[in-house]
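Tertiary structure, described
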Amino acid sequence: MRPWTSSGWRRAAAVAVTVVCLWYAPIAMTELWSYARPGAPAPGEWLLGHLVSPRYVADALATRVAPYRHSLAPMIVHSVLGGLLMLLGPVQLLTAARRRARLHRALGIVFAVTVYASMAGAGLYLARTAPGDAFSGAAFWLVLTTILVGTVLSVTFGILAAVGGFPDLHQRWMLLCYGYLLTAPLLRLEWGALPTVLPGLPMTEINRVAIMHLGSLVVFGALIASRARDSRDTVEGLGRSWAPAPVTAAAHLAGAAALVWIVRALSGHGAAGRRLLVAYLLPYALAYAVMAVGARTAGRAGRSWAREEWRIHLVGLCLAPVLSAGAVAAFQHSLGLGRFTALTAGVAIGCGMTAFGATAVVSLRLMYAREVLRRAAPPAPLPTARATTPAA
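Residues numbered from 1 in each chain as written. Predicted model: local features only at pLDDT ≥ 70, side-chain atom pairs only at ≥ 80, totals over all residues. Heavy atoms only, no water.

1. A word on the overall build of the chain
Scanning the chain from terminus to terminus reveals 15 helices and 0 strands. Compactness check: the chain gives a C-alpha radius of gyration of 24 Å against a globular reference of 21 Å for 392 residues, within 12% of the reference. With respect to the principal axes defined by its C-alpha atoms, the chain has extents near 100 × 50 × 45 Å. Looking at the chain as a whole, 45% of its 392 residues are labelled buried. For the chain, the share of sequence-separated contacts (at least 6 apart) that also reach a separation of at least 24 residues comes to 76%. Summed over all atoms, the accessible surface of the chain reaches about 19300 Å², with 68% contributed by carbon and sulfur. The distance from the centre of the 34 positive side-chain charges to the centre of the 13 negative ones in the chain is 5 Å. (Helix = DSSP H or I, 4+ residues; strand = E, 2+ residues; numbered from the N terminus. Rg over C-alpha atoms; globule rule 2.2 N^0.38 Å. Buried < 20%, exposed > 50% of the residue type's maximum accessible area, 1.4 Å probe, protein only. Contact = heavy atoms within 4.5 Å. Areas by Shrake-Rupley, 256 points an atom, 1.4 Å probe, with all protein chains shown as cover. Lys, Arg positive; Asp, Glu negative; His and termini not counted. Charge placed at Lys NZ, Arg CZ, Asp CG, Glu CD.)

Set out below in structure tokens:
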């Protein structure tokens with residue numbers, strides 16, 4: 001049995017996600033209270049001060065006051081509703097697993113409305129704040145904007161898939177949406193963990209390290225969860241692969257060239273650049289290894305659908321450095337960002353964006369397979385007219 005499809009592995013993953021969500025929910029709901037009323041309860045600040053140092057937290061708060069000052073109310077709405085989403089997510093996973101359709105549908109409506117309202121609050125903050133004035137600078141602003149757009153689009157596509165009668169696609173889009181949402185608690189975990197590995201760095205620099213891999217980690221987790229919940233070896237009407245060997249080979253060549261460029265570009269920015277490069281390459285290599293092995297193993301076992309999904313996402317991962325390289329040039333020329341800032345932002349958003357694109361391709365793949373099957377089905381016989389006897 002494939003390890004990520006075993007009931008024990010899935011149960012452990014669900015428990016881990018639930019623990020993280022329950023831990024983060026009260027922190028999210030209270031995180032900005034102290035900005036509105038000094039001295040208000042702030043369990044997140046208290047915990048971080050004990051894990052790292054009070055000075056580390058105080059310096060971070062000082063750099064966040066100005067960006068939040070003009071958008072405090074929308075940000076409080078965003079954080080409070082974000083905490084609610086942390087509670088709704090595990091409940092939705094549980095109702096789906098237990099096949100509680102009515103409860104799942106009702107809570108799904110609440111979840112979707114909460115996502116839109118929470119992202120509206122974050123959107124107001126981003127719209128009112130110039131990229132260079134944001135907490136941790138323009139690169140962090142661009143990453144937050146990308147996550148916001150990905151979250152809103154993924155929940156929207158999840159709703160459309162459910163309405164259109166594609167429960168498997170609904171599941172994929174909602175898992176991707178929740179993956180984007182999980183960047184918030186994972187970032188807080190890195191605020192507490194990374195200072196141990198990188199002592200002396202302020203939170204603004206810790207943020208830059210974290211964004212280099214948070215996007216790739218959450219979308220990779222969403223893919224693993226999707227594959228774990230999809231036990232089909234094949235799909236009727238699948239036909240030829242949309243990621244054949246020539247396409248996969250071309251994506252590898254383009255991705256390798258772009259990856260070499262990224263390595264050289266980041267290495268040219270001294271210790272800070274090399275630090276970001278390591279933070280990017282390690283999760284990238286892990287994701288690549290799992291996808292490549294998954295595609296190869298599925299192909300050898302004759303599981304055509306599993307192989308197809310793995311390969312589509314592998315192509316997306318290979319093209320992530322290509323997209324990043326293009327984004328660096330766009331950020332420099334259109335936004336007037338400095339070279340290092342544009343490089344940081346471009347590399348940080350690549351994996352998350354191409355994973356979104358790969359999920360869209362997988363969705364089109366399944367919809368096309370259904371259409372092929374529908375067209376191949378014999379037409380329904382016309383109803384025969386019943387003979388009538390004329391009245392006397």
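2. So, the layout of surface pockets
To find leftover empty space, one rolls a probe the size of a water molecule over the atoms. Taken as a whole, the second largest pocket encloses approximately 930 Å³ of empty space. Take the lining of the second largest pocket: its biggest share by element is 11 residues, from helix α7 (residues 137–163). Tallied by class, the residues present in the lining of the second largest pocket amount to 33 nonpolar, 12 polar and 3 charged. (1 Å grid on protein atoms, 1.4 Å probe; cavity = no way out; pocket = protein on both sides within 12 Å on 5 of 7 lines; lining within 4 Å. Points joined across faces, edges and corners; volume = space filled by probe spheres on them. Nonpolar A, V, L, I, M, F, W, Y, C, P; charged D, E, K, R; others polar.)

3. Section: the nonpolar core
Within the largest apolar cluster, 82 residues are counted, with the highest numbers of intra-cluster contacts made by Met86, Phe111, Leu181, Trp191, Met212, Met291 and Phe331. Among the elements that take part in this core, helix α13 (residues 270–300) stands out by supplying 9 residues, more than any other. Residues in contact with leucine 181, not counting those within four places in the same chain, are Leu85, Met86, Phe111, Val115, Met119 and Thr151. Listed in part, the 15 residues of the second largest apolar core include Phe166, Ala243, Val315 and Val362. (Core = buried A, V, L, I, M, F, W, Y, C linked by side-chain atoms within 4.5 Å.)

4. Looking at the pattern of salt bridges
The tally for this structure, following the rule as stated, stands at 13 salt bridges. A salt bridge links arginine 232 to aspartate 168, with the shortest nitrogen-to-oxygen separation between them at 3.1 Å. Here aspartate 168 lies in helix α8 (residues 167–181) and arginine 232 lies in the loop between α11 (214–229) and α12 (245–267), a separation of 64 residues in the sequence. Residue aspartate 230 is joined to arginine 232 by a salt bridge in which the shortest nitrogen-to-oxygen separation is 2.9 Å. Overall, the relative accessible area of 5% leaves aspartate 230 in the buried class. The exposure class assigned to arginine 232 is partly exposed, which follows from its relative accessible area of 29%. The network of salt bridges with shared partners includes Asp168, Arg172, Arg227, Asp230, Arg232 and Glu309. (Salt bridge = Lys/Arg side-chain N within 4 Å of Asp/Glu carboxyl O.)

5. Section: the packing of aromatic side chains
According to the stated counting rule, one finds 10 aromatic pairs in the structure shown. Here tyrosine 35 and tyrosine 68 contribute two aromatic rings whose centre-to-centre distance is 5.6 Å and whose plane-to-plane angle is 70 degrees, an arrangement assigned as edge-to-face. Of this pair, tyrosine 35 sits in helix α2 (residues 33–36) while tyrosine 68 sits in helix α4 (residues 54–69); the two residues are 33 residues apart in sequence, bridging distant segments of the chain. Pair check on accessibility: tyrosine 35 and tyrosine 68 agree, each one buried. (Phe/Tyr/Trp six-rings, centres within 6.5 Å; stacked < 30°, edge-to-face > 60°.)

6. Things to note about empty space enclosed by the protein
Going through the model one piece at a time under the given rule, you end up with 2 cavities of 30 Å³ or more. As a volume, the largest cavity reaches approximately 100 Å³. Along its surface, the largest cavity is lined by Ser216, Val219, Phe220, Leu223, Ala287, Met291, His313, Gly316, Leu317, Cys351, Thr354 and Ala355. Among the elements of the structure, α11, α13, α14 (304–335) and α15 (339–376) are those that each provide at least two residues to the lining of the largest cavity. With 4 residues, the single largest contributor to the lining of the largest cavity is α11.

7. Some words on the environment of valine 115
Looking at the element boundaries, valine 115 is found in helix α6 (residues 101–128). A C-alpha to C-alpha distance of 24 Å links valine 115 and serine 136, two positions 21 residues apart in sequence. If we ignore the near neighbours within four places in the chain, the residues touching valine 115 are Leu85, Thr151, Val155 and Leu181.

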